[in-house]
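For reference, the chains in residue letters:
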Amino acid sequence: MKENGRVVALEADDALVLFRRTSMCAKCGACGMGSSQSDITVRVPNDLGAEIGDEVQVQFQSRSALASSAIGYMFPLLMLFLGMWAGYMIPPVGGLIPDAMAAICGLLCAALAFVILKLLDPVFQKRLANVYTMTEIVSREAG
């Protein structure tokens, strides 16, 4: 998918591009824009040398974005359910009822999932770094 946005800042070799909500946003949502948001700013490699104020066209690879969303949301949920199941399977400790054990184990496993994701963040950053690609400078700001 391709969308046009405006460069609002430059940081090192990247451009921060502001996108306004379009009719396509309601159908996709892969960029992470919430339903109540009217715009979103994303970091895009500035391979074309865009300047602040330029309107640029950005290619959005939704497959990579959806994969990262699946990892970020589904892994903790899976760990929560796995922990709850384990809590029911282990014998009660300290007089706790099975429901309490399941809740405690589920929350601990979900927290562990977030720690694992945080530790693996550099790996995911490299693997999913090219979600956005600047393809064209549509118009330059006069000045």
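As a convention, each chain's residues are numbered from 1 in the sequence order in which they are written. It should be noted that, the model being predicted, local features are given only for residues of pLDDT at least 70 and side-chain atom pairs only at 80 or more, the latter also being counted only at that level, while totals for whole chains, interfaces and linings use all residues. Computation of side-chain values: all heavy atoms of the structure, hydrogens and water removed.

Regarding its fold elements, the protein presents four helices and five strands. Only DSSP runs of H or I with at least four residues qualify as helices, and only runs of E with at least two residues qualify as strands; both kinds are numbered from the N terminus onward. Secondary structure elements of the protein occur, N-terminal to C-terminal, as β-β-α-β-β-α-α-α-β. Relative accessibility thresholds used throughout: buried, under 20% of the residue-type maximum; exposed, over 50%; partly exposed, between the two (1.4 Å probe, protein chains only). Residue burial in the protein is summarised as follows: out of 143 residues, 27% are buried. Summed over its atoms, the accessible surface of the protein is roughly 9,300 Å², and 63% of this surface lies on carbon and sulfur atoms. Computed with the Shrake-Rupley method and a 1.4 Å probe, the accessible areas treat only the protein chains shown as cover for residues.

Our focus in this paragraph is the confidence of the model for the protein. Each residue gets a pLDDT score, which is the predictor's confidence in that residue and runs from 0 to 100. When the pLDDT values of the protein are averaged, the result is 83; 80% of them are 70 or greater. Per-element confidence in the protein is highest for helix α3 (residues 98-119), whose mean pLDDT is 94, and lowest for helix α1 (residues 23-27), whose mean pLDDT is 58.

Negative phi is the rule for most residues except glycine; trans is the rule for most peptide bonds. Even without being a glycine, A12 presents a positive backbone phi close to 55°. Tracing the sequence through the fold places A12 in the loop between β1 (2-11) and β2 (14-20).

Core analysis: the largest hydrophobic core is formed by 14 residues, its most contacted members being V17, V44, V56 and Y132. Elements supplying a minimum of two residues to this core: β2, β3 (39-45), β4 (55-60) and β5 (132-139). We call two residues in contact when some of their heavy atoms are within 4.5 Å. Residues contacting V17, with those up to four places away along its chain left out, are G5, R6, V7, I40, T41, V42, V44 and V56. Take the buried residues of types Ala, Val, Leu, Ile, Met, Phe, Trp, Tyr and Cys, join any two whose side-chain atoms come within 4.5 Å, and each joined set is a nonpolar core.

Let us now look at the pairing of β3. Along β3, the buried face is formed by I40, V42 and V44; none of D39, T41, R43 and P45, which line the opposite face, is buried. Here β2 runs beside β3; their pairing, made up of seven bridges, is antiparallel. Paired with A15 across the bridge in β3 is V44. Between any two strands, pairing holds if DSSP finds at least two bridges.

Let us now look at the sheet that holds β1. Each strand in a sheet pairs with another by means of backbone hydrogen bonds, the pair being arranged parallel or else antiparallel. What the five strands build is an open sheet, ordered β3-β2-β1-β4-β5; its pairing is antiparallel. The strands lining the two open edges of the sheet, one partner per strand, are β3 and β5. Each strand of the sheet is rotated relative to its neighbour by a mean of 40°, with strand direction disregarded. A fitted line through C-alpha atoms represents every axis, and for helices the fit uses only the stretch in contact; the resulting angles, taken between N-to-C directions, go from 0 to 180 degrees.

Let us now look at a nonpolar patch on the surface. On the surface, Y73, M74, L77, F81 and M84 cluster together into a nonpolar patch covering about 540 Å² of accessible area. Considering the arrangement of structural elements, one finds M84 in helix α2 (residues 62-89). A relative accessible area of 31% places M84 in the partly exposed class. Patch members must show over 30% relative accessible area and no salt bridge, and they are joined within 9 Å when carrying like charges or within 5 Å when they are nonpolar side chains of Val, Leu, Ile, Met, Phe, Trp or Tyr. Salt bridges, as used here, are contacts in which a Lys or Arg side-chain nitrogen is within 4 Å of a carboxyl oxygen on Asp or Glu.

Its location among the elements puts N46 in the loop between β3 and β4. Relative accessible area serves as the criterion here: at 17%, N46 is assigned to the buried category. When near neighbours in sequence (up to four residues on either side) are disregarded, N46 contacts L10, D13, D14, A15 and M134.

Moving on, we come to the environment of G87. By the element assignment, G87 lies in helix α2. Classification of G87 by relative accessible area gives buried; the value is 1%. Taking the C-alpha atoms as reference points, G87 and C105, separated by 18 residues in sequence, lie 5.3 Å from one another. The residues touching G87, leaving out its near neighbours within four places in the chain, are P98, M101, A102 and C105.

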